[in-house]
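Report on the structure
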Amino acid sequence: MDARAEARDTDVRDLPGGNIALALLAAAWIAVLVVYLDHRIVLTSDSMNNYVHVWGIARELWHHGHLPWRMPVLGHGEAYAYPYGFANWTTAAIVWPVLGNWGVTLWTALGAVGCIAATFLAFPELRRGWWAAVVLANPCIIESLLFGQQSFAWGTALFLLGVAAWRRKRPLVAALLAGLGQATHAPIVLPIAALLVLACLPFVRDRRALLRWYALSLLIALPAVVLVFVSPGYADATTRDRLVNFIGTLGPRCLIVAMPVIFALAWRTRIRVLAPLALVIALSVNVSFEKTLNVDWQWRGLTRTANTATLDDFLHSKEFVPGATYRVLRSGNDAKLGLYHVLREGGRLDSELFPESMAIRSFSRLSEYEQLLCDRHVDFVIADESYTRSRHTNELAVLKRLAATQDARMRLRTIAKHPGYLVYDVVRSACGAR
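Below or above, wherever it landed, is the structure these notes cover.

Conventions used here
Residues numbered from 1 in each chain as written. Predicted model: local features only at pLDDT ≥ 70, side-chain atom pairs only at ≥ 80, totals over all residues. Heavy atoms only, no water. Salt bridge = Lys/Arg side-chain N within 4 Å of Asp/Glu carboxyl O. Helix = DSSP H or I, 4+ residues; strand = E, 2+ residues; numbered from the N terminus. Buried < 20%, exposed > 50% of the residue type's maximum accessible area, 1.4 Å probe, protein only. Pairing = 2+ DSSP bridges. Contact = heavy atoms within 4.5 Å. Axes fitted to C-alpha atoms, helices over the stretch in contact; angles between N-to-C directions. Parallel < 35°, antiparallel > 145°, perpendicular 65-115°, else oblique. Left-handed = near helix turned anticlockwise from the far one by under 90°. Nonpolar A, V, L, I, M, F, W, Y, C, P; charged D, E, K, R; others polar.

Attention now goes to the pattern of salt bridges. Enumeration according to the criterion identifies 10 salt bridges in this entry. Note that Arg376 and Asp350 form a salt bridge whose closest N and O atoms lie 3.2 Å from each other. Linking Arg376 in the loop between helix 20 (366-375) and strand 3 (380-384) with Asp350 in the loop between strand 2 (348-349) and helix 20, this pair joins segments that are 26 residues apart in sequence. The class of Arg376 is buried, set by a relative accessible area of 5%. Note that Arg361 and Glu368 form a salt bridge whose closest N and O atoms lie 3.1 Å from each other.

Spelled out as structure tokens, the structure:
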């Protein structure tokens, strides 16, 4: 008996109040989506990466007639157009001429809604009352919207559709969907899929069949895995940062699949009190993540505006050089919108938009900082005076020391002074000799 038949034929009545809880959470989702979609650009931790890549892909697609492989305006010329996100970024780029930036906002919302729908398809046991409310309260789905984790949401939705196909005895469709989902966000969705397969192995009758079809999904995802390791977002990060960020990211996001699996198993016990208890657990996890994962800052993204007026003044001045590579030491409140403006005006960035690629750290020696500027081919540094306060590094101090040092192998000169920030011209003549 497949999952749909089992859910239909098993009579497990909910405790009273399940439909009320479901209605309240559905209304909350609708309200949040209405506010979210009222923004042309949503300013949260991960959202700007989507706008930048979709803009870059759309520019190549609509002006040159092809999908790009590289994105040289990012990552000191070494970035790829698709470090992940092929399915969602490509489709968003197709509608870019009509929807523009708002289309990226819409695609993020569609990813979160797609996760909800795919969960119901994969786990029909959870489609009613308290259990359906639990799905709507899954913290990872909520955070995928708030953080702007578009590729993760789309990848997970596709993978869950693969789970739904597998439970309906359609292994080829399951492998194709799971492969596309893992390829859409290989750094996280692939490990989640691997963990789920490992957890299922002791309980399936034909383990070889599961492993064969999963191997096919891995083959589909393989090119995306390679891109993860060759992208500057990975190469520019230290081993410690890679490990810490991977564990810190994978752990909480596993819940997007782990929670419906666990609650579907709880549903099978037919213990009715577990349904409202599951909702309490899901809501409690949401509360516990508010501070630990900085979710409260993401909620403020629904009303946040960033003031980039002084940076925009420089970008429209004669001192700005289109085509040059800029290192932007930005304030902590612009949610990377200023970086997007640099790109839209024709500049390039020395990093990708991932924190791991931005070299947000302190420097023990001037030569160490000089080497960074050389390696990243930096032509100009835009330094916001609030950078030290928001990032807690000594880079601004090192930058000023380097500009004041006469015997440094690299020369810096101030070319623009604006309220709140300075712009330095980097003379990299010594980089070749180094």
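Anyway, onward from the coordinates.
Attention now goes to the pairing of strand 3. For strand 3, a buried count of 4 out of 5 residues is recorded, marking the element as mostly surrounded by other parts of the structure. Judged from the 4 bridges that link them, strand 1 (residues 325-329) and strand 3 form a sheet pairing that is parallel. In the sheet register, Tyr326 faces strand 3, and the bridge partner there is Phe380. Two elements, strand 3 and strand 5 (residues 421-427), share 5 bridges in a ladder whose sense is antiparallel. Its bridge partner lying in strand 5, Ala383 is registered against Leu422.

The element helix 19 (residues 337-344) is extensively covered by neighbouring structure, given that 6 of its 8 residues are classed as buried. Among the residues making up helix 19, those that are buried are Leu337, Gly338, Leu339, Tyr340, Val342 and Leu343. Against helix 3 (47-64), helix 5 (96-99), helix 6 (101-122), helix 18 (309-315), strand 1 and strand 2 lie the buried residues of helix 19. Gly346 sits one or two positions beyond helix 19 and adopts a positive phi of about 105°.

At a minimum axis distance of 7 Å, the contact between helix 2 (residues 18-37) and helix 7 (residues 129-136) shows a crossing angle of 25°. The orientation of helix 2 relative to helix 7 falls into the category roughly parallel. In the packing of helix 2 onto helix 7, the handedness of the crossing is left-handed. Contacts between helix 2 and helix 7 involve Gly18, Asn19, Ala21, Leu22, Leu25, Ala26 and Trp29 on the former and, on the latter, Gly129, Trp130, Ala132, Ala133 and Leu136. Looking at the contact of helix 2 with helix 7 residue by residue, the classes come out as 9 nonpolar, 3 polar and no charged.

Moving on to the packing of helix 4 (residues 86-94) against helix 9 (residues 150-167). Angle between the axes and distance between the axes: these two values describe a pair of packed helices. Packing of helix 4 against helix 9 brings their axes to within 8 Å, and their N-to-C directions diverge by 115°. As summarised for this structure, helix 4 and helix 9 are arranged roughly perpendicular, according to the angle between their axes. Judged by residue contacts, Ala87, Asn88, Trp89 and Thr91 of helix 4 engage Gln150, Ser151, Trp154 and Leu158 from helix 9. Its residues assigned to classes, the contact of helix 4 with helix 9 shows 4 nonpolar, 4 polar and no charged.

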